[in-house]
Amino acid sequence: MTVLTPSPSGLTHSACALSHLDALESEAVHIFREVAGEFENPVILFSGGKDSIVMLHLALKAFTPAPVPFALLHVDTGHNFPEVLDFRDRTVEQHGLRLHVASVQDYIDRGVLKERPDGTRNPLQTLPLTEKIQAERFDAVFGGGRRDEEKARAKERVFSLRDEFSQWDPRRQRPELWNLYNGRHAPGEHVRVFPLSNWTELDVWQYIAREGIELPSIYFAHEREVFRRGGMWLTAGEWGGPKDGETVEKRLVRYRTVGDMSCTGAVDSDADTVEKVIAEIAASRLTERGATRADDKLSEAAMEDRKREGYF
């Protein structure tokens with residue numbers, strides 16, 4: 001039973017105050033339950049990356065002992081890291097979840113999308129994502145975006161309204177005072193929902209440590225064959241790297257964030273445990289996307305431009 005103790009003002013407060021991580025977890029669980037009660041057909045974006053893994057862990061907590069009442073959705077670029085895809089499939093099987101996959105390769109094969117000269121497919125995800133949302137009539141889509149990742153994402157509300165073309169207009173953002181969320185939307189529109197909005201990269205890793213959450217091995221230091229391009233260590237692959245003059249070498253690296261192999265860089269690191277990763281992040285002065293995502297460096301407004309078109 002919670003013990004109430006008098007405060008200097010004469011009011012009472014709980015002697016069992018929530019920790020920082022408990023407060024973040026409670027907020028996220030509340031968001032999942034709000035969506036379950038307010039929307040008809042939500043879906044969770046799940047790539048097998050750390051943020052989507054934490055998001056799924058929170059969803060499992062929100063509804064236990066009942067199963068998660070949402071399906072999962074992954075936009076597969078065809079250039080994903082094999083370790084992450086393997087983890088995705090094992091997770092889906094472990095929890096008996098439904099997985100929808102929107103394939104960029106299918107759109108390329110049909111001639112709807114064309115390969116970019118730089119080989120990067122992350123910007124090509126928008127059309128498969130938005131058409132899958134429309135085809136399945138998802139009215140709420142959970143994403144693992146956090147405000148600390150990138151300045152365009154810092155503008156997001158927890159409930160982010162998208163129009164019938166899945167486009168984002170920052171001028172239509174709604175106030176969210178006192179954690180009250182407005183999910184109202186017209187037919188054809190949907191809401192992107194971000195339960196981790198107020199988390200930082202360090203919060204995510206501290207929560208992973210506390211909860212004992214399993215992650216793909218790619219997030220921890222390992223020897224890997226990489227080459228240097230644009231100030232980042234990239235993994236060689238069929239997507240178009242390395243080019244002439246780019247030398248492949250074996251280095252001890254890990255990944256802070258995981259996306260398309262063509263645009264996600266590794267960092268030199270010997271952090272092979274969660275505790276070492278936490279210490280490394282605490283000392284870093286660069287966000288994970290700012291340090292290792294080439295798709296965010298295409299222009300000053302690269303992320304915001306993609307979000308306006310329907311990307312997360």
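Just above sits the structure.
What you see is a predicted model; the values in this text were computed from it and never measured. (Residues numbered from 1 in each chain as written. Predicted model: local features only at pLDDT ≥ 70, side-chain atom pairs only at ≥ 80, totals over all residues. Heavy atoms only, no water.)

A few points about a nonpolar patch on the surface
Nonpolar side chains collect at one region of the surface, where Leu177, Trp178 and Leu180 lie side by side and expose about 430 Å² of accessible area between them. If you trace the backbone, leucine 177 turns up in the loop between strand E7 (159-162) and strand E8 (190-193). (Patch = residues over 30% accessible without salt bridge, like charges linked within 9 Å, V, L, I, M, F, W, Y side chains within 5 Å. Areas by Shrake-Rupley, 256 points an atom, 1.4 Å probe, with all protein chains shown as cover. Salt bridge = Lys/Arg side-chain N within 4 Å of Asp/Glu carboxyl O. Helix = DSSP H or I, 4+ residues; strand = E, 2+ residues; numbered from the N terminus.)

Let's talk about helix H5 (residues 126-136)
Within H5, the full set of buried residues consists of Thr126, Pro128, Leu129, Thr130 and Ile133. In the stretch just after H5, arginine 137 is the one whose phi turns positive, near 55°. (Buried < 20%, exposed > 50% of the residue type's maximum accessible area, 1.4 Å probe, protein only.)

Topic: the sheet that holds strand E9 (residues 222-229)
Read from one edge to the other, the open sheet built from four strands follows the order E10-E9-E11-E12, with strand pairing classed as antiparallel. Every other strand in the sheet has two partners, leaving strand E10 (232-235) and strand E12 (267-268) as the edge strands with one partner each. Where E9 meets strand E11 (residues 249-254), five bridges bridge the pair, whose relative direction is antiparallel. Bridged to histidine 222 within E11 is valine 253. (Pairing = 2+ DSSP bridges.)

Here's the deal with the pairing of E10
Neither face of E10 is left uncovered, since the one carrying Met232 and Leu234 and the one carrying Trp233 and Thr235 both have all their residues buried. Summarising the sheet, E9 and E10 pair through four bridges and their orientation is antiparallel. Of the residues in E10, the one forming a bridge with arginine 229 is methionine 232. Turn length for the E9-E10 hairpin, with the two strands adjacent in sequence and antiparallel, is two residues, and the turn residue glycine 230 shows positive phi of about 60°.

Focus: the packing of aromatic side chains
Applying the stated criterion across every chain yields a total of ten aromatic pairs. Between phenylalanine 159 and tyrosine 181 the ring centres are 5.1 Å apart and the planes differ by 20°, which places this aromatic pair in the stacked class. Of this pair, phenylalanine 159 sits in strand E7 while tyrosine 181 sits in the loop between E7 and E8, placing them 22 residues apart in sequence. Note on phenylalanine 159: relative accessible area 3%, which makes it buried. (Phe/Tyr/Trp six-rings, centres within 6.5 Å; stacked < 30°, edge-to-face > 60°.)

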